[in-house]
Amino acid sequence: MPAPHPSPSTKPSFSAGRRWAILLNVFLTAALVFAVVVMANFLSRDFFIRWHFGNRGKVTLSSHSRHFVASLTNEVKVTIYYDKNNPLYSTVNDLLAEYHLANPKITVRTVDFLRDAGAAQKLKTDYNLGATSDKNLVIFDCQGKVKRVEGDVLARYVLEQVQSDSELQFRRKPTEFLGELWFTAALLDVSSPHPLKAYFLTGHGEHRIDSGDELTGYLKLAAVWRQNYIEVQPLTLDGTNAIPADANLLVIAGPTRMIPENEVEKLDEYMAHGGRLFILFNAQSLDREIGIERILAKWGVRVGRQIVVDPEHTASGSEVIVSAFSKHPLVNPLLGSGIYMIRPRPIGRLASALQAADAPQVEEIAFTGAKATLYGVPDFPPQRLPLVAVVEKGAIQGVVSERGATRIVVAGDSLFLGNHQLDLLGNRDFAAYAVNWLLDRSQLLQGVGPTKIHEYRLVMTRSQLRRAQWLLLAAMPGTVLAMGGLVWLRRRR
């Protein structure tokens, strides 16, 4: 038999030099990609756009909060002192992350008091927290000024019946998340040197800020203003009492009795020196003058002595649903919404108001529909009637005014800001916009409201649950493993 031929020697596919060149090329390519990713993230840290592909899961800030947060210049440390298993924790954390994205000066960290005992103990020492009572808090700290927000106030709940075979059971179901209301108020608190003060005139039948009466009480309004970091106090001007020098705003809410002449003179002087006034009339004083009408006439405002009826914008006839507004910073955020007024009086600009350059600028900002009339005036033609007016005038030349420019808001109804009516339509928003415009806080002239909480439940029988477990734990991983095996066998052949 012939001798077998020797097999030719096999040469390596790649030489050692080429292998090292490929390795170096891969290394340099990876380093280049890494460098590009780092540079892209660095350059785009302040310029980015996020898309939300669903409205139910996203957590966003209102224009009000974004404008205010963007104006902050101080460093604010926010600590979420929370049990991470709490149902509201993820929502709280996501919302505070939005604050950080709006202004990097706001830093956020989480301390889980159940799992991080060391950090929790240090936090208790730093902020003087109780051992058992102080839990589920959000702590805002700006240069040593601290504001704590309790977790219990961050949501509104309703009782919901839970199915049970043994006995009737209920659970607290969250319906609205109030985090933005409280967090923005806390930031305003810790970043402001001192709160502004609003005084409510008393002694003439005005609404009381300490009353919980559903129709006439202003307890809720006082709470809304306190959330805007405004301290509210009652004020009497009888005798020698004067308007305090620290009064940033004076409120006259629905007086029903005549204001004495000496008090009117104090109010007149206050307005002449850059005062800020929020005055609300109502139908209970139709048959008499309160006394403040004369001051308003000097500023170009006319107060009607009739009740406005708007048949096209009412439910029962006594209220007027106001949805027509002018273009003014106070009501611009209300476009598309409305306010709910009860038996309002017309408030407008005097036809004879001076038009000189230094005259007060009077503007009507809220109106009825086109077919409104006056109750008890049969010959009055249907027309659009103003219900709210604003006045603004700069400082008088040659006169030093510590208060600045005069601003006035006059409304034809006072009941619409009562405890019950405040939550109707955009009444609560109007109350916040009005006070922030009067105090010249333009960065706060946007709305903040509660966020609806959506719950999703998956109800499954035991057999359906077992099938789902097999699908997730066996079928899906098994399919991936089988496909990988097929690919491996194919490559071996």
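As the structure is a computational prediction, the values presented were derived from the model and not from experiment.

Asks: What is the right way to look at the packing of helix α6 (residues 219–227) against helix α9 (residues 427–438) in this model?
Replies: For any two helices packed against each other, one specifies the inter-axial angle together with the distance between the axes. As a packed pair, α6 and α9 sit with axes 10 Å apart at the nearest point and diverge in direction by 50 degrees. Taken together, the axes of α6 and α9 lie oblique to each other. With respect to the hand of their crossing, α6 and α9 are arranged in right-handed fashion. Seen from α6, the contacting residues are L221, V224 and W225; seen from α9, they are R428, A431, A432 and V435. Taken together, the residues of the contact of α6 with α9 break down into six nonpolar, no polar and one charged.

Asks: Could you clarify how one ought to interpret the side chain of S326 in this entry?
Replies: Its place among the elements puts S326 in the loop between β14 (324–325) and β15 (339–342). The residues touching S326, leaving out its near neighbours within four places in the chain, are V331, N332, E363, E364, I365 and F367.

Asks: How should I be thinking about α9 in this particular structure?
Replies: The periodicity of an α-helix, 3.6 residues per turn, causes residues three or four places apart in sequence to face the same way. For α9, which comprises 12 residues, the first-to-last C-alpha distance of 17 Å matches the rise-based estimate of 16 Å (1.5 Å per residue) to within 8%. Among the 12 residues in α9, 10 count as buried, and that is most of the element. Residues of α9 that are buried include every one of N427, F430, A431, A432, Y433, A434, V435, N436, W437 and L438, and no others. A positive backbone phi angle near 60 degrees is found at D440, which sits one or two residues after α9.

Asks: In this structure, what is going on with the pattern of salt bridges? I would like to understand it.
Replies: Between side chains of opposite charge, a pair can form when the charged atoms approach closely. The tally for this structure, following the rule as stated, stands at 16 salt bridges. For R288, the salt bridge identified is with D287, shortest N-O distance 3.1 Å. Owing to a relative accessible area of 58%, D287 belongs among the exposed residues under this scheme. Taking the shortest distance from any N to any O, the salt bridge between R407 and E392 comes out at 2.9 Å. Within this pair, whereas R407 is found in strand β20 (residues 406–411), its partner E392 is found in strand β19 (residues 386–393), the two being separated by 15 residues in sequence. Classification of R407 as buried rests on a relative accessible area of 10%. Given the relative accessible area of 31%, E392 is considered partly exposed. Look at the salt bridges and you will find they share partners, linking D83, D112 and R115 into a network.

Asks: It is not clear to me how the sheet that holds strand β4 (residues 145–150) should be interpreted in this structure. Could you clarify?
Replies: Reading across from one edge, β2-β1-β3-β4 is the order of the four strands in this open sheet, with mixed pairing throughout. The outermost strands of the open sheet, each flanked by one partner alone, are β2 (106–111) and β4. Taken over all neighbouring pairs, the strand axes of this sheet differ in orientation by 20 degrees on average, direction set aside. Relative to strand β3 (residues 137–142), strand β1 (residues 76–81) runs antiparallel, the two being bridged by five bridges. For K77, the partnering residue across the bridge sits in β3 and is D141. Lying over the sheet, helix α3 (residues 89–102) contacts β1, β2 and β3, oriented at roughly 160 degrees with respect to β2.

Asks: Is there a simple way to think about the packing of aromatic side chains in this case?
Replies: The geometry of an aromatic ring pair is captured by two quantities: the separation of the ring centres and the angle between the planes. Under the counting rule described, the total for this entry stands at eight aromatic pairs. On the numbers, 5.2 Å between centres and 45 degrees between planes, the contact of Y81 with F113 is tilted. Residue Y81 is found in strand β1, and its partner F113 is found in the loop between β2 and α4 (117–127); the two are separated by 32 residues along the sequence. By relative accessible area, F113 is classed as buried at 15%. Here F416 and F430 contribute two aromatic rings whose centre-to-centre distance is 5.6 Å and whose plane-to-plane angle is 55 degrees, an arrangement assigned as tilted. Highlighted residues: F416 in the loop between β20 and α9 and F430 in helix α9, separated in sequence by 14 residues. Overall, F416 belongs to the buried group, its relative accessible area being 0%.

Asks: Quick question: what am I supposed to make of the environment of E265 here?
Replies: Relative to the elements of secondary structure, E265 occurs in helix α7 (residues 261–272). On the basis of relative accessible area, E265 is assigned to the partly exposed category, the value being 49%.

Asks: Teacher, can you tell me more about the pairing of β4 here?
Replies: Here is the key point about a regular strand: its side chains alternate between the two faces of the sheet. Here six bridges tie β3 to β4, and the two strands are oriented antiparallel to one another. Note that in β4 the partner of F140 across the bridge is K147. Hairpin connection from β3 to β4: two residues lie between these consecutive antiparallel strands, with Q143 at a positive phi of about 55 degrees.

Asks: Quick question: what am I supposed to make of unusual backbone geometry here?
Replies: If you check the backbone angles, N128 has positive phi at about 55 degrees while not being a glycine. Backbone geometry places Q143, a non-glycine residue, at a positive phi of 55 degrees. Mapped onto the fold, Q143 is located in the loop between β3 and β4.

Asks: Would you explain the sheet that holds strand β8 (residues 230–235) in this entry?
Replies: If you trace the eight strands from one edge of the open sheet to the other, you get β8-β7-β9-β10-β20-β19-β17-β14, paired in mixed fashion. Of all strands in the sheet, those with a lone pairing partner are β8 and β14, marking the two edges. Of the strand pairs in this sheet, strand β7 (residues 196–201) and strand β9 (residues 249–253) are connected by three bridges, and their pairing is parallel. Counted as the bridge partner of Y199 is L250 from β9. Strands in contact with α6 are β7, β8, β9 and β10 (276–280); relative to β8, the strand with the most contacts, it is inclined by about 140 degrees. On the sheet, α7 packs against β9, β10 and β20 and is oriented at approximately 140 degrees with respect to β9.

Asks: Explain the nonpolar core to me, please; I cannot follow it from the model alone.
Replies: The tendency in soluble globular proteins is for nonpolar side chains to be buried side by side. Counting residues in each nonpolar core, the largest one holds 47 residues, and the members touching the most others are W225, F278, L330 and F430. With eight residues, the top contributor of residues to this core is α9. With residues near it in sequence (within four places) discarded, L330 still touches I365, V390, V409, F430, Y433, A434 and W437. Residues L237, W299, V301 and V391 belong to the second largest nonpolar core, which totals 29 residues.

Calculation notes
- Residues numbered from 1 in each chain as written.
- Predicted model: local features only at pLDDT ≥ 70, side-chain atom pairs only at ≥ 80, totals over all residues.
- Heavy atoms only, no water.
- Axes fitted to C-alpha atoms, helices over the stretch in contact; angles between N-to-C directions.
- Helix = DSSP H or I, 4+ residues; strand = E, 2+ residues; numbered from the N terminus.
- Parallel < 35°, antiparallel > 145°, perpendicular 65-115°, else oblique.
- Left-handed = near helix turned anticlockwise from the far one by under 90°.
- Contact = heavy atoms within 4.5 Å.
- Nonpolar A, V, L, I, M, F, W, Y, C, P; charged D, E, K, R; others polar.
- Expected span 1.5 Å × (residues − 1).
- Buried < 20%, exposed > 50% of the residue type's maximum accessible area, 1.4 Å probe, protein only.
- Salt bridge = Lys/Arg side-chain N within 4 Å of Asp/Glu carboxyl O.
- Pairing = 2+ DSSP bridges.
- Phe/Tyr/Trp six-rings, centres within 6.5 Å; stacked < 30°, edge-to-face > 60°.
- Core = buried A, V, L, I, M, F, W, Y, C linked by side-chain atoms within 4.5 Å.

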